[in-house]
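Each chain, letter by letter, is given below.
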Amino acid sequence: MPRVPGDRSEVFRAPVGMHDVLPPESRAWRDLVAAFADRAERYGYELVVTPIVEHREVFERVGEATDVVRKEMYDFTDKGDRALSLRPEGTAPVVRAFVQHRPTVPWKVWYVAPNFRYERPQKGRYRQHWQVGVEVLGPADPDLDVEVISLAHGFVRDLGITKVRVLLNSMGDAGSRAPYAAALRDYFLGHAEALGDEFRERVETNPIRVLDAKREDWQDVIERAPQLTEHLSATEQEHFEVVQRGLDALGIAHELAPRLVRGLDYYTSTTFELAGDALDAAQNALGGGGRYDGLAEEMGGPPTAGIGFGLGIERLLIAAAAEPGGTAAPSRRVGLDAFVVDHLGGLEAAIVLHELRESGLRADRAYGGRSLKAQMKAANRSGAPYAIVLGPEEVARGEVSVRDLETAKQVPVPREQLVGWLQLRLAPPGAAE
Ligand code: AMP
C-alpha cells in the first residue's frame, strides 16, 4: 500500500528532500542558468530539452550496477502499463534523443533539468536536484575533452567560485578495462575475508566502483589497489596525455585522481570532477563528467563517441555563497527599474506601465486601490530606483512626478519624455559614450 501522509501539515509540504525555490533566492538561480547558457552558446552549444521521464530501460542500460539506478530511482507504471522512471541523471536522456533523431555530428547541446534520486537527504544532497550540463556526440578528439573541461571550469569561475580543483582520470576503453576489472577483483577478493560481506558483494557487482567507496575501514585496501592508468592501452595513454597538455596550455590546473570513478557505468577514457573546497568534504563535488564512447551504440545507435558533464545547481549556489566574490551573494540589486504610484483609479497607471514595459523597462505597480501611503511603501520595498507618481495635477499639466527613492527628491517630467528620461538614467555608466 502506498504511504499516504497522515495529516494536512505533512500533505501540503514539498516531499522529503525536495525544495521550493522562492524569490529572492530564485534570482541567483536565474542568473546562474543565464550565465551557463551564455557561456555554452559562446562555445557553440545549443539548448536541448528532453522529457522528465524516460522508459526505465534507458537508465538501466547506463547503470545496472550503480546505486543511482539500482536503489535510488523513482520508478512508476503509467496508465498504459509502461515502466517509466523519473530521470536520475542527464546524459542517458540526451543520448537517447540523439539515437532517436540522428542529428548530424558533432552534436553539441546544453541543458538545465531536475534529477531525482531517492537518497538520504542532507545539506547538498537532495531527492530532487538540478543540473546544468553539456553533451557532445560525434568526435573522439581529445581536444574536445579539453574544451568541455574548460567550459565547466570557466563557468564555475564566472560564478565567483575560486575554491575549485579539477580532478582528472582515465577509465580506459573496453579493451583495457575488462582485464583491469578482473585484476582488481582478484586483488580485492584477497582482502574480502577481513572486510566482510558488504565489501565482497560490492566487489562481485562492480570492482571498479569500489575504488570510490567512502567507508573508512576500506580505505587502506583501496589505496593500495592497482590503478587503471597503469593498464591503459597505448592509444588511451596518448589520448590522456593530449588532454593533460591541452589543459596545461590553457592554464587550467588539474590533479590526477586515479581513484576517481564516476557514479555511472557508461564512462570510458577521460573522466573529471570539479571539487568545491568551500563545501563539506562528503558533498564537495560541484559536478563532473567524462567520455562515454560506447553509449550511443548500446542504445541502438551508430557507434558514436560522446562526452559531457553535469554540475549541481544547488551545490554551485552553496559554494558561491561561501565566497566573498560569489554571485549568489545577496547584495545584488533585484529587479525593477520603476514603480508606478497612482492616484487616478488605475487606467492611467495601466497605460504608463504598458509603455514602460513595451520599451524594455522593468516596471510594476500596486494593485487593489491601495492608499497613497501604502503604494509609496510598496515602491520603496520593490527595490526600484524610481517611483512614477501619477496625480491629477501632474496629469492635467501633461507631466508625471518622478521620485528618486534613494534621495526622496521628486522632479516633474513631461509625460511623453518619461521613457527616454528613465532610459538615460538607468543606462549603465559609459553606455552613452
Ligand atoms: P552525478 O550525476 O552523480 O555525476 O552528479 C553531478 C553533480 O550533481 C554532482 O557533482 C553534484 O553537484 C550534483 N548532485 C548529484 N546528486 C545530488 C543530490 N542528490 N543532491 C544535490 N546535488 C546532487
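Not measured: the values here are computed from a predicted model.

Q: Would you take a moment to explain the overall build of the protein for this structure?
A: Along the backbone of the protein there are 17 helices and 16 strands. For the protein, buried positions account for 48% of its 433 residues. Summing over all exposed atoms, the protein offers an accessible surface of approximately 22000 Å²; the carbon and sulfur share of this is 52%. Here the protein contributes 52 positively and 65 negatively charged side chains, and the mean placements of these two sets differ by 6 Å.

Q: Honestly, the packing of helix H2 (residues 25–42) against helix H13 (residues 313–321) in this entry has me stumped. Any pointers?
A: Two packed helices can be described by the angle between their axes and the distance between those axes. Where H2 meets H13, the closest approach of the two axes is 11 Å, and the angle between their N-to-C directions is 105°. One way to sum up the angle between H2 and H13 is to call them roughly perpendicular. Between H2 and H13, the residues in contact are Ala-28, Trp-29, Leu-32 and Val-33 and Ile-313, Glu-314, Leu-316 and Leu-317, respectively. Considering only residue class, the contact of H2 with H13 consists of seven nonpolar, no polar and one charged.

Q: Explanation requested: helix H17 (residues 418–426) in the structure shown.
A: Side chains that are three or four residues apart share a direction in an α-helix, a result of its 3.6 residues per turn. Among the residues of H17, those classed as buried are Leu-418, Val-419, Trp-421 and Leu-422. Buried residues of H17, viewed axially, fall in a sector of 165°; they line one side. Looking at the buried positions of H17, the neighbouring elements they touch are strand S12 (338–342), helix H14 (347–358), strand S14 (386–390), strand S15 (399–404) and strand S16 (410–414).

Q: Is there a simple way to explain the pairing of strand S4 (residues 83–86) in this structure?
A: Put simply, side chains in a regular strand alternate between the two faces of the sheet. Here three bridges tie strand S2 (residues 53–55) to S4, and the two strands are oriented antiparallel to one another. By the bridge assignment, Val-53 is partnered in S4 with Leu-86. Sheet topology note: the strand S3 (residues 75–77)/S4 ladder contains three bridges and is antiparallel. From the neighbouring strand, Thr-77 faces S4, where its bridge partner is Ala-83. Hairpin remark: S3 followed by S4, antiparallel, with five residues in the connecting loop; positive phi at Asp-81, about 70°.

Q: Please clarify how the site of the ligand should be interpreted in this entry.
A: Among the 14 residues in the neighbourhood of the ligand, the closest are listed as Arg-117, Glu-119, Tyr-126, Arg-262 and Leu-286. Contact between the ligand and Arg-117: an oxygen atom at 2.8 Å from a side-chain N or O atom of the residue. Bound to the protein, the ligand loses 92% of the 480 Å² it would expose on its own. At the level of elements, strand S6 (128–138), strand S10 (285–291) and strand S11 (305–312) are the ones that each hand at least two residues to the shell around the ligand. Taken together, the residues of the shell around the ligand break down into three nonpolar, six polar and five charged.

Q: Just to check I follow, could you spell out the sheet that holds S4 for this structure?
A: Picture the strands of a sheet paired through backbone hydrogen bonds; they go either parallel or antiparallel. Spatial ordering of the open sheet is given by S2-S4-S3, a layout of three strands whose pairing is antiparallel. Edge positions in the sheet fall to S2 and S3, since each of these pairs with one other strand and no more. Averaged over all pairs of adjacent strands, the angle between their axes in this sheet comes to 35°, without regard to strand direction.

Q: Would you mind showing me how to read the sheet that holds strand S5 (residues 107–116) here?
A: The mixed open sheet is built from eight strands, whose spatial order is S1-S5-S6-S11-S10-S9-S7-S8. The open sheet has two edge strands with one neighbour each: strand S1 (46–47) and strand S8 (254–256). In this sheet, strand S9 (residues 268–276) lies alongside strand S7 (residues 164–170) in antiparallel orientation, the contact comprising seven bridges. Looking across to S9, one finds that Val-164 is bridged to Gly-276.

Q: Sorry, what's going on with the domain arrangement of the protein here?
A: Many analyses report the size of an interface as the accessible area lost when the parts associate. Domain parsing of the protein yields domain 1 (25–173 + 233–322) and domain 2 (338–426). The gap between the C-alpha centroids of domain 1 and domain 2 is 46 Å.

Q: Looking at this model, I keep getting lost on the nonpolar core. Mind explaining?
A: Nonpolar side chains in soluble globular proteins tend to be buried together. By size, the foremost hydrophobic cluster in this structure holds 82 residues, and its most contacted members are Phe-36, Phe-188 and Leu-311. Among all residues touching Leu-311, those that are not within four sequence positions of it are Phe-36, Trp-130, Gln-131, Val-132, Ala-152, Phe-155, Val-156, Leu-274, Leu-286, Gly-287 and Leu-316. Grouped together as the second largest cluster of nonpolar side chains are 18 residues, Ala-349, Ala-363, Ile-388 and Val-419 included.

Q: How do you make sense of the pattern of salt bridges when you look at a structure like this?
A: Opposite charge on two side chains allows them to pair when their charged atoms are near. One pass over the structure, following the stated rule, counts 22 salt bridges. Here Arg-42 ties to Asp-38 by a salt bridge, and the two come within 3.1 Å at their closest N and O atoms. Of this pair, Arg-42 and Asp-38 are both found in helix H2, four residues apart, which corresponds to roughly one turn of the helix. You can call Arg-42 exposed: its relative accessible area is 54%.

Q: So what exactly am I meant to see when it comes to the packing of helix H6 (residues 142–158) against helix H11 (residues 234–249) here?
A: Put simply, H6 and H11 touch, their axes get as near as 8 Å, and they point 45° apart. Taken together, the axes of H6 and H11 lie oblique to each other. Considering how the two elements wind past one another, H6 and H11 form a crossing that is right-handed. Packed against H6, whose contacting residues are Pro-142, Asp-143, Asp-145, Val-146 and Ile-149, the element H11 presents His-239, Val-242, Val-243, Gly-246 and Leu-247 at the interface.

What counts and what doesn't
Residues numbered from 1 in each chain as written. Predicted model: local features only at pLDDT ≥ 70, side-chain atom pairs only at ≥ 80, totals over all residues. Heavy atoms only, no water. Helix = DSSP H or I, 4+ residues; strand = E, 2+ residues; numbered from the N terminus. Buried < 20%, exposed > 50% of the residue type's maximum accessible area, 1.4 Å probe, protein only. Areas by Shrake-Rupley, 256 points an atom, 1.4 Å probe, with all protein chains shown as cover. Lys, Arg positive; Asp, Glu negative; His and termini not counted. Charge placed at Lys NZ, Arg CZ, Asp CG, Glu CD. Axes fitted to C-alpha atoms, helices over the stretch in contact; angles between N-to-C directions. Parallel < 35°, antiparallel > 145°, perpendicular 65-115°, else oblique. Contact = heavy atoms within 4.5 Å. Nonpolar A, V, L, I, M, F, W, Y, C, P; charged D, E, K, R; others polar. Arc of directions from axis to C-beta. Pairing = 2+ DSSP bridges. Near = heavy atom within 4 Å. Polar contact = N/O pair within 3.5 Å; in protein donor to acceptor, adjacent residues only side chain to side chain. Domains from an automatic or database assignment. Core = buried A, V, L, I, M, F, W, Y, C linked by side-chain atoms within 4.5 Å. Salt bridge = Lys/Arg side-chain N within 4 Å of Asp/Glu carboxyl O. Left-handed = near helix turned anticlockwise from the far one by under 90°.

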